[in-house]
Amino acid sequence: MGLLLLLTSMLLSSYFHSGRVVTAQRSFTIRNITLSIEPAPDVTRDTNVTLRCQAFVSSSGQEALSREYRIYKDGNTIYSKNTSTSEDLLYPLSEARVSNSGKYKCKISIERRNMTSGAEKLTVAGLSKPVLHINKGVVSEGEEVTATCTAPGETGSFFFYFYEDSKEIQEKQVNTNQAEARLHFSSTGHHKIHCGYTVLVTPESFKSEESLSVTVSVKALPIVAVLEIFPESKIYEGDKLNIFCSAKSKLRSSESIYLYLSHGNQLLSSGYSTVNHSMVALAKDPGEFECRFEMGNVVKFDTKAVSVTELFSVPTLTMYPAEVFQREFVTLTCRSESSASERLGRDELTYTLDPTESPLISKVNGVFYGRALLYDFNYTCVAKAKEIVKRSEILTVRPKVSVSTPKISVVGRAVIGQSFKILCQSDIGSLPINYTLLLGYDQLNTTTVKEPFQQALFTVTVRTSDEISKYMCEARNSQKEAPLSKRLNATVIVPLTNPTLTVLPHLPEISEGDNLYLICGVNGTPPVTFKWYRVGNEHPLHTNTTHRNHTHYQVSALSKEHSGMYYCEAINHANILVRSDLVTIEVRLALWKKVLIGGFCLLALSVLVVVVVLCFKSKRVRVEGAAVSVWSERRPEEANDEESSMVSNEPDVEYTEVVHPRPLDPARVPPKKGTDTVYSELQNSPHGATDHHDYQGSVEYAELNSEQPGINHFPPEINHHQELPVE
């Protein structure tokens, strides 16, 4: 019994943990969660807004589930709450402000399960009017004023702006609805101050209206800066200027005030109480003089401009002639266009050249004469009077180099009938250079070279080879006589014409085993590239480039396979391709093959003749009885077509053998049906022979049938008509 209770206790404890039922006993699901904004997503300032988070959860059992709610604004948690009730979560925003604008979400978590609602945007419109407060309404120069700007009832992140007469003077960024600014005014009088602010609601900002203006009065301090310059008028260059700077005050001593005396950006003097400075007046420095002091935040200054009359103007250095060539004479003149004659005598103004080691000499005051150097040289004119020194701008004398005799050449290749370029170029010479192309002595065209890498190119066309030697060019960069180049000496390329393909040996004599030479020739300027082709082959059989107008291609040990049609192509630097006519080559049998075949034919014919003759003789021997030979000469017109084909130059002879039966001893020879043979030789008339065969004659065998018993009967295979050709 105790063991049973122990087992029951262990089973029950497996279903309970920390005083709650495990998930296996309690099942739930989060169906949905929504967030709504009440009364509306878009509201005005001071509206009471409520965020309602509503979760839809289904569960088994009666025990309430523990829920955790979180409210997010723009991704940041602004509120969280744990509850066991299924009621909606309400998050109030009392008297909503612009800073409450943003995107909100709601999230619920139950036992490691969670769900987040969609985002809802709240927009709050309207900002309170800023209020500006000034701690002092009347101040003295340099005195500080504290201005406070407030945004009543607003929250969030702020930018406050302070304005003086509609011009922004300060900016403050704070996280509260109030900001302070310390103001200083640089001038006396009345100054109107106002402020405004902007609330930052990422990623937007909302700007308020401006506050009411507050007037601040600034009183002047009874102290001034005094600047004095002597002489005060009719100041000429070289006069001595005396300048005094001081501070004057009615209420306090000026000994503690520090003064600054300056001329433009140059500080001339500084010190307490009074400072002074002496200098020579110069027309080139007409800037203002300033006396200035600083006392705390107060700055006082006095300025004066001095008008200085020019004693003499800055000299100008000129050259004559404007263009000069090396070693030619040149004149430099130095002059001041104006001078104060009431203060300056005629001989008091002197001119010199700098550097003093200049090769030019002075003829009169301000005029310098001499030969130009071989290189560039910088000159400066120095004018001096009453210790006033003025320098001219630098004049660089660049002696020009006379152009050298030009060289004329062909760019690329000159081809008859095709345009090409002629280059004219001088090795030395100052730019610009005018190049003129001449044909004979007639001017064709002129071009100007202005840049160092520019070339003088002329496009021409020649019709004959001799025409190119008539071209010349001249170069000119001065008024001097222009040098003339030599006549153009260049190779003129003649385009290829009249392509021919010659075959050796001659076509009827080409036999197997021979060496074939295909000779291709053209008219035109070498080098020439020749190519040989066989019809049916895309690629050339052979390619050769030569400096002659003809060359050959050899085919060794000819065979029947070399028969075909051949042609050649040629091209030179004119880039005009020419092609020969087709040549048909037929490779015949070799001579030894012909002889061998003829020998075999003769041998076969001889054997045939011998066989026929032997057969003929053997047949005559066996004939028993008298043989009668009938010789008749047959007339040409009596010959049939077969016989006429056997006619030769000699009269044809036809043999006809006639065997007449004789009575025989019946006892010795039994009666037998046989054939009588008649041999007759018929000689054809030579006048009727039109066939030119090599045969000398023909033999005709005729069998005559007889009822009488006969002799010399031969096998039927030799008793037929047969032609025997005779050599």
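Parameters at a glance
Residues numbered from 1 in each chain as written. Predicted model: local features only at pLDDT ≥ 70, side-chain atom pairs only at ≥ 80, totals over all residues. Heavy atoms only, no water. Helix = DSSP H or I, 4+ residues; strand = E, 2+ residues; numbered from the N terminus. Buried < 20%, exposed > 50% of the residue type's maximum accessible area, 1.4 Å probe, protein only. Contact = heavy atoms within 4.5 Å. Areas by Shrake-Rupley, 256 points an atom, 1.4 Å probe, with all protein chains shown as cover. Pairing = 2+ DSSP bridges. Axes fitted to C-alpha atoms, helices over the stretch in contact; angles between N-to-C directions. Core = buried A, V, L, I, M, F, W, Y, C linked by side-chain atoms within 4.5 Å. Disulfide = S-S within 2.5 Å. pLDDT = per-residue confidence, 0-100. Phe/Tyr/Trp six-rings, centres within 6.5 Å; stacked < 30°, edge-to-face > 60°.

### Some points on the overall build of the protein
Stage number 1. A tally of helices and strands in the protein yields 3 helices and 58 strands.
Stage number 2. Within the protein, buried positions represent 36% of all 727 residues.
Stage number 3. Sequence-distant contacts in the protein: of pairs separated by 6 or more residues, those separated by 24 or more amount to 63%.
Stage number 4. Only carbon and sulfur atoms are counted for the fraction: they give 51% of the accessible area of the protein, which is about 43,300 Å².

### Some points on the sheet that holds strand 3 (residues 28-38)
Stage number 1. If you trace the 3 strands from one edge of the open sheet to the other, you get 3-5-8, paired in antiparallel fashion. Sheet topology places strand 3 and strand 8 (89-93) at the edges, where each strand pairs with a single neighbour. Across this sheet, the average inter-strand angle for adjacent strands is 10°, counted without regard to direction.
Stage number 2. Bridge count for strand 3 against strand 5 (residues 49-59) is 10 bridges, and the pairing is antiparallel. Its bridge partner being in strand 5, Ser36 is matched across the sheet by Arg52.

### So, the nonpolar core
If you look at soluble globular proteins, the nonpolar side chains tend to sit buried side by side.
Stage number 1. Membership of the largest hydrophobic core comes to 25 residues, with the highest contact counts inside it found for Phe312, Leu317, Leu332, Leu349, Leu353, Leu360 and Tyr379.
Stage number 2. Secondary-structure elements contributing two or more residues to this core are strand 31 (329-335), strand 32 (350-354), strand 35 (377-385) and strand 37 (395-397).
Stage number 3. Of all the elements, strand 35 adds the most residues to this core, at 5 residues.
Stage number 4. Leu317 has contacts with Leu332, Thr333, Cys334, Leu353, Tyr379, Thr380, Cys381, Ser392 and Leu395, leaving out every residue within four places of it along the chain.
Stage number 5. Counting residues in hydrophobic clusters, the runner-up holds 24 residues, among them Leu35, Tyr91, Leu93 and Ile108.

### A short note on the state of the cysteines
Stage number 1. Applying the stated criterion to the full structure yields 5 disulfides.
Stage number 2. A sulfur-sulfur distance of 1.6 Å marks the disulfide that ties Cys53 to Cys106. Handedness here is read from the sign of the S-S torsion; for Cys53 and Cys106, about -75°, the answer is left-handed. In this pair, Cys53 is assigned in strand 5 and Cys106 in strand 9 (residues 102-110), connecting sequence segments 53 residues apart.

### Section: the confidence of the model for the protein
Stage number 1. Looking at the protein, the pLDDT average stands at 80 and 81% of residues meet or exceed 70.
Stage number 2. Contacts of residues 1-9 to residues separated by more than four positions or lying in other chains number 0 contacts, the stretch itself having pLDDT below 50.
Stage number 3. Note on residues 11-24: pLDDT is under 50 here. Beyond four places in sequence and across chains, it has 9 contacts.

### A look at unusual backbone geometry
Stage number 1. The step from Leu431 to Pro432 runs through a cis peptide bond, and the omega angle for that step is 0°.
Stage number 2. Residue placement: Pro432 occurs in the loop between strand 40 (420-425) and strand 41 (433-439).
Stage number 3. Residues Leu504 and Pro505 are joined by a peptide bond in cis, for which omega reads 0°.
Stage number 4. Mapped onto the elements, Pro505 comes out in the loop between strand 46 (497-504) and strand 47 (516-523).
Stage number 5. In this model, Ser166 sits at a positive phi of 70°, which is unusual for a non-glycine residue.
Stage number 6. With respect to the element layout, Ser166 can be found in the loop between strand 15 (157-164) and strand 16 (167-174).
Stage number 7. With a relative accessible area of 62%, Ser166 lands in the exposed category.

### A few points about the packing of aromatic side chains
Stage number 1. The full count for this structure, using the stated rule, is 13 aromatic pairs.
Stage number 2. Between Phe160 and Tyr197 the ring centres are 5.8 Å apart and the planes differ by 40°, which places this aromatic pair in the tilted class. Here the residue Phe160 occupies a position in strand 15, and Tyr197 occupies one in strand 18 (residues 189-201), the gap between them amounting to 37 residues. Summarising the burial analysis for this pair, Phe160 and Tyr197 share the class buried.
Stage number 3. Pairing Tyr258 with Tyr272 gives two aromatic rings, centres 4.8 Å apart and planes at 85°, and the pair type is edge-to-face. Separated by 14 residues along the polypeptide, Tyr258 in strand 24 (residues 258-263) and Tyr272 in strand 25 (residues 266-272) bring together distant segments of the chain.
Stage number 4. Since its relative accessible area comes to 29%, Tyr258 is described here as partly exposed.

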